[in-house]
Structures are given as structure tokens and as C-alpha cells.
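Per-entry structural report
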Amino acid sequence: SNLGTKDAKPSVSQHEEKSETIVEVLPSDKQAIGHAINALLIFSCVTVGASSMLFGYDDKVISPIAALEPFVQHLQGINPTTHTLVFTARNQNLIFSVPLVGSIVGAAIAPTLTSRLGRKWPWLPLTSSPLYLAEVVPATIRGAIVTSMNILNLVAGVISTFTVYGTQHRSDSTSYKIPLAVQFAMPALLIPLTFFIPESPQWYISKGRIEEARTNLRKLRAFSDAEVDEELRVMKMSEEHERLLTSDVRFWDIFNKQNIRRTITAGSIYSFNQCSGIILSTTYATVFLTQIGAGDPFTLTVVSSVLVLAGTILAPFLIDRLGRRPLALTGMSLLLIIDVIAGGLAFNSSDRNSALIIAAVSFIFNFVWAASFYSLSNVLPSEIATMKLRNYTMAYTIGCSYVTAVTTTLAVPQLVSADAANLGAKTYLIFGGCMVGIITFVYFFVPETRNRTFAEIDEMYDAKIPMRHWRNFETSSEAKTAVILPGEKLTSGAHV
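This section reports on the structure supplied with the text. (Residues numbered from 1 in each chain as written. Predicted model: local features only at pLDDT ≥ 70, side-chain atom pairs only at ≥ 80, totals over all residues. Heavy atoms only, no water.)

Thoughts on the overall build of the protein
- When you go through the protein residue by residue, the secondary structure sums to 21 helices and zero strands.
- Per-residue burial for the protein yields a buried fraction of 56% across its 496 residues.
- Pairs at least 24 residues apart make up 79% of the contacts formed inside the protein by residues separated by at least 6 positions.
- Accessible area of the protein: about 19900 Å², with a carbon and sulfur share of 65%. (Helix = DSSP H or I, 4+ residues; strand = E, 2+ residues; numbered from the N terminus. Buried < 20%, exposed > 50% of the residue type's maximum accessible area, 1.4 Å probe, protein only. Contact = heavy atoms within 4.5 Å. Areas by Shrake-Rupley, 256 points an atom, 1.4 Å probe, with all protein chains shown as cover.)

Here it is as C-alpha cells:
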């Protein structure tokens with residue numbers, strides 16, 4: 001599904017922010033990081049972090065597999081409209097949309113499973129895995145460790161496209177069975193390793209099982225018993241603070257007059273990135289490239305996935321150096337221009353050079369999207385939500401993303417395919433129209449949160465400062481000096 005390229009990360013944000021407390025960390029915490037890390041902690045992080053590769057592989061492998069002729073022959077046969085081995089629009093809907101059911105069910109049951117069973121055994125890469133990592137690593141490296149799952153997700157996507165690239169010339173069922181076998185082998189290797197990693201100490205604390213929490217924290221740290229006890233004390237304070245914040249709030253509070261602007265922005269910015277046109281060059285990349293006749297679609301799909309990875313790696317540097325609004329408006333304007341160019345060239349799609357140029361600009365689109373729109377949509381929702389409603393706001397944001405994911409996944413085959421609307425690459429013009437609306441929304445509703453504390457963000461929302469004026473607005477000294485646990489931010493840089 002197209003959700004995979006963009007939905008994992010708000011759940012990361014949700015779980016990172018859940019551990020946040022407004023207490024200062026002793027200076028010794030930073031000094032202790034070097035000898036806090038031991039072999040078991042590294043093993044646990046690698047094992048749990050690798051689970052994101054399962055989702056990344058699963059999410060990206062279906063696009064090239066769906067373009068393999070033996071796979072189409074096995075499930076459908078000749079397309080009655082094009083008389084080629086290409087899936088009909090209806091069958092594309094089924095193949096690409098059904099996985100969303102699993103994602104939706106997983107997201108729905110995740111809070112119950114992670115609360116009752118703990119963090120390690122639910123084995124949900126988008127929810128329990130980032131939560132486990134956020135809770136077991138030292139605070140000052142938490143942001144880097146948890147967001148590394150983003151990179152692993154995309155690395156797995158590159159591996160999946162390379163795998164199918166290597167099997168594409170096989171004329172029998174092994175062309176698609178080998179990539180699927182790799183997909184099943186990965187959890188078979190990782191699940192046994194899970195038996196050897198300790199449960200999250202933070203989860204034990206939430207259940208009042210303090211001695212078990214201390215035992216597991218002792219296993220995960222290389223420093224002294226006194227330092228373990230001090231970190232355990234901070235964890236208990238975090239749990240108590242979290243309960244205090246959320247004791248009198250309800251989900252529907254995110255829609256009250258005081259919070260509605262934040263809620264609209266958080267839910268919209270994450271969903272909108274799926275309306276940019278990215279689905280054509282990610283989820284449907286190989287099928288789409290096959291339909292427009294752009295060279296070797298399997299080779300081009302590998303290029304496409306590599307550029308998404310490259311853009312994502314670059315994004316944290318751009319976000320903190322340029323700021324949120326400048327990067328959003330610049331990146332989205334470039335995406336609009338690319339949508340128009342690709343859609344315009346589609347009117348001459350019979351020319352092979354035009355098809356190649358469409359493929360080329362779609363790859364540029366992938367890089368720009370990953371470096372701007374995608375990464376910003378992961379960062380902004382968690383930054384602008386008020387602290388006591390952050391979990392509810394992120395749950396709403398994820399819900400919005402599923403609605404958009406289902407809509408775009410179902411709509412694109414009906415627009416592109418020859419047996420449906422047969423627009424082909426002209427579909428980019430529809431997404432270009434969406435981008436005009438999105439850019440307008442961003443100008444009026446997306447704030448600049450770079451180098452702002454959460455207290456400053458609250459102050460400016462309460463004062464109803466227009467979004468375009470946030471960058472130069474002077475907040476109170478108290479808000480500027482608010483302190484949060486280091487490492488609790490994302491790649492966002494929303495810190496003092």
C-alpha cells in the first residue's frame with residue numbers, strides 16, 4: 001500500500017512523545033551515555049529495529065511483483081482491454097488495497113496489545129517496535145535510535161526492488177516466489193531472537209512491577225547500580241507525570257475551540273502528502289512505468305526507491321537548517337511544477353522520449369517529496385499538538401492517513417489504467433490541482449516551529465498569531481527556557 005511510505009512515522013512520533021516529561025535530566029546522564037550502552041542493549045535495538053525492515057520490504061515488494069508477467073498470468077491472465085499481461089484496474093485495487101486492511105487492524109488493536117502484552121511480543125513494526133526502542137535506550141540517543149527505523153524501512157524497500165530486479169527474467173513462478181520467500185524468511189529469523197531481549201522497563205513501571213523494571217534496566221545498562229536506580233527514578237517520574245497530564249482529558253478535546261486549529265493542521269499535513277502524486281512513483285511505480293513504456297520498469301523502480309531513501313536521509317538537515325515553512329512551501333512548489341510537467345508530457349506519451357522524461361521527472365519528484373513533504377508530515381503533527389492531547393492528536397492523524405491511503409490506492413488504478421479512465425500519466429495533472437490547494441492550506445495553517453519549545457508553540461497558538469508571523473514572533477522568556485528531556489524530540493529540532 002502507499003501507506004507504508006508515509007505512515008510508519010507518526011506512530012514513532014506518538015510513542016516518543018509519550019515518554020516526554022518536563023523535568024531536567026542530571027548532567028551525569030549525558031556523561032554516562034558512553035558506558036550506559038552494553039551488548040544486550042545493542043542486540044535488543046538491532047533485533048527490534050530490524051522489524052521495520054519487514055514492513056518496508058512488504059510495502060515495496062508488491063509494486064514490482066505486480067508487474068511480473070508470470071504473476072499476472074497466474075492470478076489473472078491476459079488483460080481483455082490491452083491484450084497484454086497487465087492487471088486490470090479492478091485487480092490492481094484488490095492487490096494494492098487489501099494490505100491496508102492489515103495495517104488498519106494492526107493500528108486499531110495496537111494500544112490494547114502493547115498495554116496488556118508489553119512492548120516486545122505484539123511485534124507490530126509501526127507501533128510496538130518504536131515504542132520499545134523509545135523506552136529502552138538512554139534519553140540522549142533516543143531520537144536518533146527511533147528515527148533510524150525510518151531509514152531501515154526504506155533500506156528494506158530498496159532491497160525488495162533489487163530482489164525482484166534479480167528475478168524478473170525468470171519465466172516461471174520462481175520470478176515472484178523467490179521475493180515472497182525472502183519476505184517470509186525475515187520474520188522467521190527475527191522472531192526467535194525476540195526471546196532473548198528483555199521487556200521494556202518502562203512498561204513494567206506502568207504496571208507497578210518496579211523490581212522487574214529494575215532487573216531489566218540493570219540488564220540493559222553497563223553502568224553502576226546507583227546509576228541504574230537514578231534512571232529508574234526518572235522513569236517513575238515520567239510515568240507519574242504522564243498519568244497526571246492525561247487523567248482528565250478525552251479524545252474529543254482535540255476538537256474543542258482551543259485545539260481545533262492544531263488538530264486540523266496535524267491531520268491534514270500528514271494525509272496531504274499522499275495526495276501529491278507520490279503514489280504513482282512508489283506504490284504503483286513498476287506497473288505505471290510498464291504502462292507508459294518507459295524503458296526497463298524494474299531497473300527504474302530500483303532507482304525510484306533509492307532516491308526516496310536519499311531524500312529521507314537528507315531531510316533532517318534541511319528541516320533544521322531551513323525551517324518548516326520555507327522547506328514546505330519550496331518543496332511543495334517544486335512538486336507542483338513536476339506534476340504539471342509530467343502531466344503535460346503525457347499528451348505526447350506515444351513518443352518514447354516523452355515517456356523517459358516522465359520517468360525521470362518522477363524520480364526527481366521522489367527525492368524532493370522525501371526531503372520535504374514526507375519528512376515534514378512526520379515531524380509537524382507531534383510538534384504542534386499540545387502535550388496533554390499529543391497521543392490523541394497523533395491517533396487522529398494516523399486515522400486521517402488511513403482514510404487518504406485507502407482513497408488514493410483505490411482511485412489511482414481507476415484513473416490510470418487502460419480499462420478504466422485511461423489517463424495514464426495525465427493523472428499527474430489531477431495531483432497538480434491537489435497541490436495548489438495543499439500549498440494554499442500550508443501558507444495559512446502550517447506554523448514555523450524551528451527552534452521553538454513546546455511552551456512557545458502553546459503560547460503562540462493561544463495568542464492566535466498568524467502562521468506566517470511565527471518565525472519572527474518574540475515569546476515570553478519563560479516559554480523560551482522551558483526544559484524537556486533531551487532526546488525526546490524527533491528529527492524535528494523542536495528544542496531549547
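Here's the deal with helix H20 (residues 454–462)
- Listed as buried for H20 are Phe454, Glu456, Ile457, Met460 and Tyr461. End-on view of H20: buried residues confined to an arc of 160°, all on one side of the axis.
- Among the residues trailing H20, Lys464 stands out with phi positive, at a value near 55°. (Arc of directions from axis to C-beta.)

Describing helix H15 (residues 297–322)
- Between its first and last C-alpha, H15 extends 35 Å over 26 residues, near the 38 Å set by a 1.5 Å rise per residue.
- Maximum bend of H15: about 40°, positioned at Ala315, with proline Pro316 one to four residues after it.
- Two residues or fewer after H15 comes Gly323, characterised by a positive phi angle close to 95°. (Expected span 1.5 Å × (residues − 1). Bend = angle between axes of the 7 residues up to and from the residue.)

Digging into the packing of aromatic side chains
- All told, the structure shown has 16 aromatic pairs when counted by the stated rule.
- Both rings, one in Phe71 and one in Phe87, keep their centres 5.9 Å apart while their planes meet at 80°; by these two values the pair is edge-to-face. Taken together, the residues Phe71 in helix H5 (residues 69–75) and Phe87 in the loop between H5 and helix H6 (89–116) connect sequence positions 16 residues apart.
- When its relative accessible area of 10% is taken as the criterion, Phe71 is described as buried.
- Ring geometry for Trp203 and Tyr204: centres 5.4 Å apart, planes at 50°, overall tilted. We note that Trp203, like Tyr204, is buried.
- Ring pairing ties together the aromatic residues Phe251, Trp252, Phe255, Tyr392 and Tyr396, which thus form one cluster.
- The lysine or arginine in question, Arg325, covers the ring of Tyr443, its NZ or CZ lying 5.3 Å from the ring centre.
- Lys426 extends its terminal NZ or CZ atom over the ring of Phe347, reaching a point 5.2 Å from the ring centre. (Phe/Tyr/Trp six-rings, centres within 6.5 Å; stacked < 30°, edge-to-face > 60°. Lys NZ or Arg CZ within 6 Å of the ring centre and 35° of its normal.)

Examining a nonpolar patch on the surface
- A cluster of nonpolar side chains, namely Trp121, Ile191, Leu193, Phe195 and Phe196, defines an oily patch on the protein surface of about 530 Å² accessible area.
- Residue placement: Trp121 occurs in the loop between H6 and helix H7 (128–136).
- The exposure class assigned to Trp121 is partly exposed, which follows from its relative accessible area of 37%. (Patch = residues over 30% accessible without salt bridge, like charges linked within 9 Å, V, L, I, M, F, W, Y side chains within 5 Å. Salt bridge = Lys/Arg side-chain N within 4 Å of Asp/Glu carboxyl O.)

Points about the nonpolar core
- Counting residues in each nonpolar core, the largest one holds 70 residues, and the members touching the most others are Met332, Trp369 and Phe373.
- Per element, the largest residue contribution to this core is 14 residues, and it comes from helix H17 (residues 352–384).
- Counting twelve residues, the second largest nonpolar core, distinct from the first, contains Cys45, Ala134, Met149 and Leu220. (Core = buried A, V, L, I, M, F, W, Y, C linked by side-chain atoms within 4.5 Å.)

Brief notes about the state of the cysteines
- With the rule as written, the count across this model stands at zero disulfides.
- The closest cysteine sulfur to the non-disulfide-bonded Cys434 is located on Cys275, 5.6 Å from its own sulfur.
- Judged by relative accessible area, which is 31%, Cys434 ranks as partly exposed. (Disulfide = S-S within 2.5 Å.)

Some details on the environment of Leu314
- Along the chain, Leu314 falls in helix H15.
- Leu314 gets classed as partly exposed once you look at its relative accessible area, which sits at 31%.

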